[in-house]
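# Fold and contact review
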Amino acid sequence: MDNVQKVYLESGGNITANAGTLTLRNVHALDSLNLSGSALVVAQGGNGLMTLTSGPVISGSAAFDLNDNDLIAHATSLNQIVAYLANGRIISSAASGSGGLMGLGTSDGATFHSIWGSDGTFDGQLLNDADILIKYTIRGDADLSGRITTNDFAQAQAGLLFGLAGWTAGDFNNDGVIDALDFQILNTNYLAQP
Ligand SMILES: [Ca+2]
Ligand SMILES: [Ca+2]
């Protein structure tokens, strides 16, 4: 690991890396994020909402650690982002240290609007239907409100009943199905949430 470089970036733009560790500090807008090889990009904790104009595109064993921050990504798809979460290309070191309480919830803008209305905001931002959201939140927070309430149970029950897919329908472990494991997460974290 002697050759791993640690670089701090404090403004946005285009990031392309195939090795090393890059820490983003006070970076709220990026144009693109292209990671391959063994590159690791870490958003510093407490950075807040980040926006990404295009992508991300991540391959190899590279990863983007969103930490405890949220992301709005344009020009990508929810399926792609969920796949990155499932295979460890997008991670949260903050969630990893939370004992299963916290995770990265996902939605597209259209689904978010169906829950919160067309003027519903995400971290204070208005959204387009095609925007993809990632929120650092309690696992079980289906509607991305930041807490588990009866609404989250209702969304997960509807997701199970109607065979829906995705975090907003109750797939809190990103394994592609809504089943007893997800309800275990929901029930456990409902009781455990601060
Ligand atoms: Ca909620
Ligand atoms: Ca699941």
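As a reminder, the structure under discussion sits directly above these lines.
Since we're looking at a predicted model, the values are computed, not measured. (Residues numbered from 1 in each chain as written. Chains lettered and ligands numbered in written order. Predicted model: local features only at pLDDT ≥ 70, side-chain atom pairs only at ≥ 80, totals over all residues.)

### Here we look at the sheet that holds strand 6 (residues 49-58)
Read across the open sheet, the six strands follow the order 2-4-6-8-11-10; overall the sheet is mixed. On the outer flanks of this sheet lie strand 2 (14-17) and strand 10 (102-108), each paired with one strand and no other. Along the sheet, successive strands turn relative to each other by an average axial angle of 30 degrees, direction set aside. Taken together, the four bridges between strand 6 and strand 8 (residues 70-73) define a ladder with parallel strand orientation. Counted as the bridge partner of Leu49 is Asp70 from strand 8. In the packing of helix 1 (residues 78-86) onto the sheet, the strands contacted are strand 6, strand 8, strand 10 and strand 11 (132-138), and the crossing angle to strand 10 comes to about 165 degrees. In the packing of helix 3 (residues 109-116) onto the sheet, contacts are made with strand 10 and strand 11, and the angle to strand 10 comes to roughly 95 degrees. (Pairing = 2+ DSSP bridges. Helix = DSSP H or I, 4+ residues; strand = E, 2+ residues; numbered from the N terminus. Axes fitted to C-alpha atoms, helices over the stretch in contact; angles between N-to-C directions. Contact = placed C-beta atoms within 7 Å.)

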